[in-house]
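Structural description and commentary
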Amino acid sequence: MRGLWFLTALSGLAVAEDGLNAWLRYAQLPPNLTRHDGIPSTIVALNATETSPVYTAGQELQKGISGILGQTPNVTHEVSDAASVVVGTVAAFNSSGIATEVPALEEDGFWLSTKDDKVEIVGQNERGALYGAFEYLSMLAQGNFTEVAYATNPSAAIRWINQWDNMDGSIERGYGGSSIFFARNGISSNVTRISEYARLLASIRVNGIIVNNVNANAALLSDTNMAGLAKIADAMRPWGVRVGISLNFASPQSAGGLNTFDPLDSKVISWWNGITDKLYTHVPDLAGFLVKANSEGQPGPITYGRTLAEGANLFARAAKPHGGIVMFRAFVYDNQHLNERNWKDDRANAAVDYFRDLDGKFDDNVVVQVKYGPIDFQVREPASPLFAHLQKTASAIELQITQEYLGQQCHLVYLPPLWKTILDFDLKVDGQKSVIGEDVLSGRRFNKTGLTGYAGVVNVGQHPTWLGSHLSMSNLYAYGRLAWDPNLDSAAILDDWTRLTFGLSETVVNTVASMSLVSWEAYENYTGNLGVQTLTDITGPHYGPNPQSMDNNAWGQWTRADAYGIGMDRTVKNGTGFAGQYPEEVAAQFEDIETTPDDLLLWFHHVPYTHVLKNGKTVIQHFYDAHYAGAETAATFPKQWEAVKGLIDDQRYDEVLFRLTYQAGHAIVWRDSINTFYNSLSKIADEQKRVGNHTWRIEAESMTLRNYRSATVNPFEMASNLHVVQASGGSTASVSAPLNFTSGTYDIAVAYYDLAGGSASYELFVNDKSIGKWVGDNESKLGYTTTNGVNGHSATRITFKRIEVKEGDTVRVEGKPSGSESAPLDYVAVLPPGVVD
Ligand code: GCV
């Protein structure tokens, strides 16, 4: 028997996994962890209706127990003495006559008891019962057979997802493939992935989803599409996930044929009432609406001189009779009239400026949805001060699981430590403790009952890994866990996720933790430090470096960098006044440069590059050092990951290794371009003389060129030594140079540019020995927003490890252009062990 278990466990490991099951794999436990006694034989689910989450819980328990423990229990719906697991609502338990001592539960809460060889899972409602079933399965899957008996309740009622899916099947800021909800300007006919997604969401206790982009298309309101929405809702309902939609404010005009969309116009009101009634006939439990108004070109009530509250209440009143709610976004700003030359202009002020005086003017089924920081999902922002002003209005925080500004799922960035800087922040409203997660979003601080919570922007797509990257899924998992309880520890959540996703090996758990828990800090280090934002290409794909674009843009995301200094002066005394939007104590802290933490210094203050930080370094030296440190940390990731080889399946091992290796290379791209840019702007040298000095590099333009020509790049800092080479025709080109390094073993890295419009092929040689071949086809592998430029988005590095080199050998790279990709090369680095350059 033991031998059989062993074989199964081993073969289980070898099976390739594509990530589709995410953290719900229910992999069989290793024999030493499996309890052979007391494997549940009968599950009683106290509801036999197939669309009921309790019915789903019964099925899921059966599936999970069978996978984890290797024996398939029966599922029945009648109470019997044989029952070893019973799942149902408090009401169903009571009416079945089962004696339980369940404490009072809140909506969606549950009680789980595994004492006395019986498992009882009691939900306040059906959804809660399903959550309890997932909790029990999560324990089993982690080999945790402890006897427990406890109740748990959500911190907030709203725990939603926002997908930014377009009706043509694309996803705004989508890096995980095309939409699972929409295709060809309609609703997708295949709901399999939709229901699988709902399963994942239910397991992390997400109870609602907006399925279409906030930049909404009124075509969703056609009869055909409403019928399609009903199919989506049917697929998600058994998992307790309610569906909602984003609305386009101008729909009465663009889709309804009216000559206005003024929210106070009676024709407009009755048009929306009619549409809403119709929607509810298709989807009777529609969760509600999400509205982006008067922002980034979207229409809204201000167009007619109406307030944002009047706009929100229009939808609230239409939805109210049906029990629906309106999530109204506070992301309102006027990018047409922001002018960097005006020292006092500041997009960060917009949310409070627009909403402060509207507090209390929203209907009670409106929730103002506030991005976590005042700008837009940057690598670090202070908490939005709007949370302190919405005292009579329901509010929710908007977090972004989608890594729009944080490496687009091609860089490992575990986000909970970033979210925690906001959730754990104390706004000290009126001098009283007002921690955003625990006190404000829970509704406790301002005595809000019912409607508060969380909205997480997610770009799940058709990719088998859902987000395009296995490791990014920890962010989705953690989002649900934190929305339930914002006081949870980021590291503990991650360990649960790793065990469920990759198995119980301690090496795997420790490796994922050791990379993930420093990943946000590393990303911040090699992108934008001290609160300056990410320094990405704000006018382009928001992916690679482009610090110049962070000024003189119309989006109001500025750093005010010049030859002498950097940072936004957001003080009241001399700047934009933003610091004054916080409650008194916090405002005073940020107003004063002495009490502003270094990591938000440039958010609140404009300082010379020579300003000395609390850590004793000047701003510019900190920039240099942080970029080197960040890239060095990223360089450890692929190496660390190698430790899990053989401990997880090869498919996921290889796919993760590919991305971590790419990230290590792109971190160097970031490091060099940011350092080169600020070095050139400030003319202040790096004390350690690293910037611009690359002992181990051979610049392509200095090599012997065949069919390649040297070129400058724009922006200038996007190439080492400011130059690249590009093939001048369609035929194979090459660069070659003698290696003037002491004979030994080196890693050889080649820096090249991978453009969207072609797949150039490359080969690296030492003398005439081929070291490796590759193709510039990131566009079909990585999912980030590709471009056709030789720039910080396309800059890529490939590394060949442990190559024997003799002094005087010749290194050669051959490149064969393809399409618009002229096989561009930047440099070859010949790296002694441990050197990151
Ligand atoms: C959906 C940023 C993003 C946009 C997004 C917008 C928003 O500006 O870049 O893609 O639009 O935020 O949140 O509405």
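As the structure is a prediction and not an experimental result, all values here were calculated from the model.

Further remarks concern the pairing of strand β13 (residues 325–329). Here β13 lies mainly inside the structure; five of its five residues are buried. Here β13 shows two buried faces, one formed by I325, M327 and R329 and the other by V326 and F328. The sheet contact formed by strand β12 (residues 288–291) and β13 spans four bridges and is parallel. In the strand pairing of β13, V291 is matched with F328. For the segment spanning β12, helix α9 (residues 308–319) and β13, crossover handedness is right-handed. Here β13 pairs with strand β14 (residues 366–371) via four bridges, running parallel. Pairing of M327 across the sheet is with V367, part of β14. Where the polypeptide runs from β13 across helix α10 (residues 350–355) and back to β14, its parallel neighbour, the crossover connection is right-handed.

Looking at the ligand, there are 14 residues lining it, with E172, K292, R329, K371 and E404 nearest. Here an oxygen atom of the ligand sits 3.3 Å away from a polar atom, N or O, in the side chain of N215. Here an oxygen atom of the ligand sits 2.7 Å away from a polar atom, N or O, in the side chain of R329. In isolation the ligand exposes 340 Å². Once the protein is present, 96% of that is buried. Broken down by class, the residue content of the shell around the ligand amounts to three nonpolar, three polar and eight charged.

Turning our eyes to something else, we now look at the layout of surface pockets. Estimates place the volume of the second largest pocket at around 550 Å³. Surrounding the second largest pocket, 22 residues form its lining, A635, D747, K801, G834 and V835 being those nearest its centre. Elements supplying a minimum of two residues to the lining of the second largest pocket: α19 (619–641), α20 (650–682), β24 (744–753) and β27 (795–805). Ranked by residue count, the leading element in the lining of the second largest pocket is α19, at five residues.

Moving on, we come to empty space enclosed by the protein. For the coordinates displayed, the defined rule picks out four cavities of 30 Å³ or more. Reported here for the largest cavity is a volume of approximately 110 Å³. Taken together, 13 residues form the lining of the largest cavity, with A330, F331, A351, G373 and P374 sitting closest to its centre. For the lining of the largest cavity, the secondary structure elements donating two or more residues are α10 and β14.

Here the focus is the sheet that holds strand β26 (residues 769–775). Within a beta sheet, neighbouring strands are joined by backbone hydrogen bonds and run either parallel or antiparallel to one another. Pairing is antiparallel across the open sheet formed by five strands, whose spatial order is β20-β23-β28-β25-β26. The open sheet has two edge strands with one neighbour each: β20 (704–706) and β26. Here the strands of the sheet are splayed against their neighbours by 15° on average, with no regard to which way each runs. The sheet contact formed by strand β25 (residues 761–766) and strand β28 (residues 810–816) spans six bridges and is antiparallel. Its bridge partner being in β28, L764 is matched across the sheet by V813.

So, how was this worked out
As a convention, each chain's residues are numbered from 1 in the sequence order in which they are written. Under the rules for a predicted model, residues below a pLDDT of 70 receive no local features and side-chain atom pairs below 80 are neither given nor counted, while totals for whole chains, interfaces and linings still include all residues. For the side-chain quantities, the full set of heavy atoms in the structure was used; hydrogens and water were omitted. Using a 1.4 Å probe on the protein chains alone, a residue whose accessible area is under 20% of its type maximum counts as buried, one over 50% counts as exposed, and one in between counts as partly exposed. Per the convention used, a helix needs a DSSP run of H or I reaching at least four residues, while a strand needs a run of E reaching at least two, with both numbered from the N terminus. Two strands qualify as a pair provided that DSSP identifies no fewer than 2 bridges between them. When the strands point away from the viewer and the connection leading from the first strand across the helix to the second strand turns clockwise, the crossover is called right-handed. Proximity is defined per residue: any heavy atom of the residue falling within 4 Å of a molecule or strand makes that residue near it. As used in this structure description, the phrase polar contact means that two N or O atoms lie within 3.5 Å; if the pair is within protein, one of them must be able to donate a hydrogen and the other to accept it, and residues adjacent in sequence are counted only when both atoms belong to side chains. In this description, accessible areas are obtained by the Shrake-Rupley approach with a 1.4 Å probe, and a residue is regarded as covered only by the protein chains that are shown. Following the grouping adopted for this structure description, the nonpolar residues are Ala, Val, Leu, Ile, Met, Phe, Trp, Tyr, Cys and Pro, the charged ones are Asp, Glu, Lys and Arg, and the polar ones are all others, Gly among them. Cavities and pockets are found on a 1 Å grid laid over the protein atoms alone: a cavity is a set of points where a 1.4 Å probe fits but cannot escape, a pocket is an open set with protein on both sides within 12 Å along at least five of seven lines, and a lining residue has an atom within 4 Å of such a point. Grid points are joined across faces, edges and corners, and a volume is the space filled by probe spheres set on the points. In this analysis, axes come from line fits to C-alpha atoms, helices being fitted only over the stretch in contact, and the angle between any two N-to-C directions falls in the range 0 to 180 degrees.

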